[in-house]
Amino acid sequence: MSNDVIPRDQAFAAARANVDRARARIAADRAAGRLTPDHAALIDRLWGPVPIPATHRAAA
């Protein structure tokens, strides 16, 4: 059954590759003028900076 489990590093690498492809596709569409202003604003809002959650602090 352990063959059905994808290693964590492999899963993160695959996810990162998908995100990189999506960002490249969005950048190409933006550069070619294929995005409407509404779509560009939506993408900017959705793909904007992500707040980093506070780290877990051990109980004192």
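Heads up: the structure comes first, above all this text.
*Asks:* Sorry if this is basic, but what is going on with the overall build of the protein chain here?
*Replies:* Scanning the protein chain from terminus to terminus reveals two helices and zero strands. With the model as given, the accessible surface of the protein chain reaches about 5,700 Å², and the carbon-plus-sulfur share is 60%.

*Asks:* Mind showing me how you'd approach a nonpolar patch on the surface here?
*Replies:* A surface patch of nonpolar side chains, about 280 Å² in accessible area, is lined by Leu42, Leu46 and Trp47. Secondary-structure assignment places Leu42 in helix H2 (residues 37-46). Overall, Leu42 belongs to the partly exposed group, its relative accessible area being 38%.

*Asks:* Can you help me understand the pattern of salt bridges in this one?
*Replies:* Oppositely charged side chains can pair when the atoms bearing their charge come close. Counting across every chain of the model gives three salt bridges. Here Arg34 and Asp29 are joined by a salt bridge, their closest N and O atoms 2.8 Å apart. Relative accessible area serves as the criterion here: at 55%, Arg34 is assigned to the exposed category. For the salt bridge of Asp44 with Arg30, the shortest nitrogen-to-oxygen distance reads 2.8 Å. Highlighted residues: Asp44 in helix H2 and Arg30 in helix H1 (residues 8-31), separated in sequence by 14 residues.

*Asks:* What am I meant to see in the environment of Trp47 here?
*Replies:* Within the secondary structure, Trp47 sits in the segment after H2. Exposure remark for Trp47: the relative accessible area of 31% places this residue in the partly exposed category. Counting along the chain gives 24 residues from Trp47 to Arg23, while the straight-line C-alpha distance between them is 8.9 Å. Residue contacts for Trp47: discarding those within four places in its chain leaves Val19, Ala22, Arg23 and Ile26.

Conventions adopted
Per chain, the residues get numbers from 1 upward, laid out in the order the sequence is written. Side-chain atom pairs in this predicted model are given and counted only at pLDDT of 80 or more, local residue features only at pLDDT of at least 70, and totals for whole chains, interfaces and linings cover all residues. Where side-chain values are given, they derive from all heavy atoms of the structure, hydrogens and water being excluded. Under the DSSP-based scheme used, a helix requires at least four consecutive residues in state H or I and a strand at least two consecutive residues in state E, with every element numbered from the N terminus. All accessible-area figures derive from a Shrake-Rupley calculation using a 1.4 Å probe, and residue coverage is judged against the displayed protein chains alone. Patch criteria: residues need more than 30% relative accessible area and no salt bridge. Like-charged residues are merged within 9 Å; nonpolar side chains of Val, Leu, Ile, Met, Phe, Trp and Tyr are merged within 5 Å. Here, a salt bridge means any side-chain nitrogen of Lys or Arg that lies within 4 Å of a carboxyl oxygen of Asp or Glu. Categorising residues by exposure relies on relative accessible area from a 1.4 Å probe, with only protein chains included: less than 20% of the type maximum marks a residue as buried, more than 50% marks it as exposed, and the intermediate range marks it as partly exposed. Only heavy atoms matter for contacts: two residues are in contact if any of them lie within 4.5 Å across the pair.

Read these as layout, nothing more, since geometry by itself doesn't imply function.
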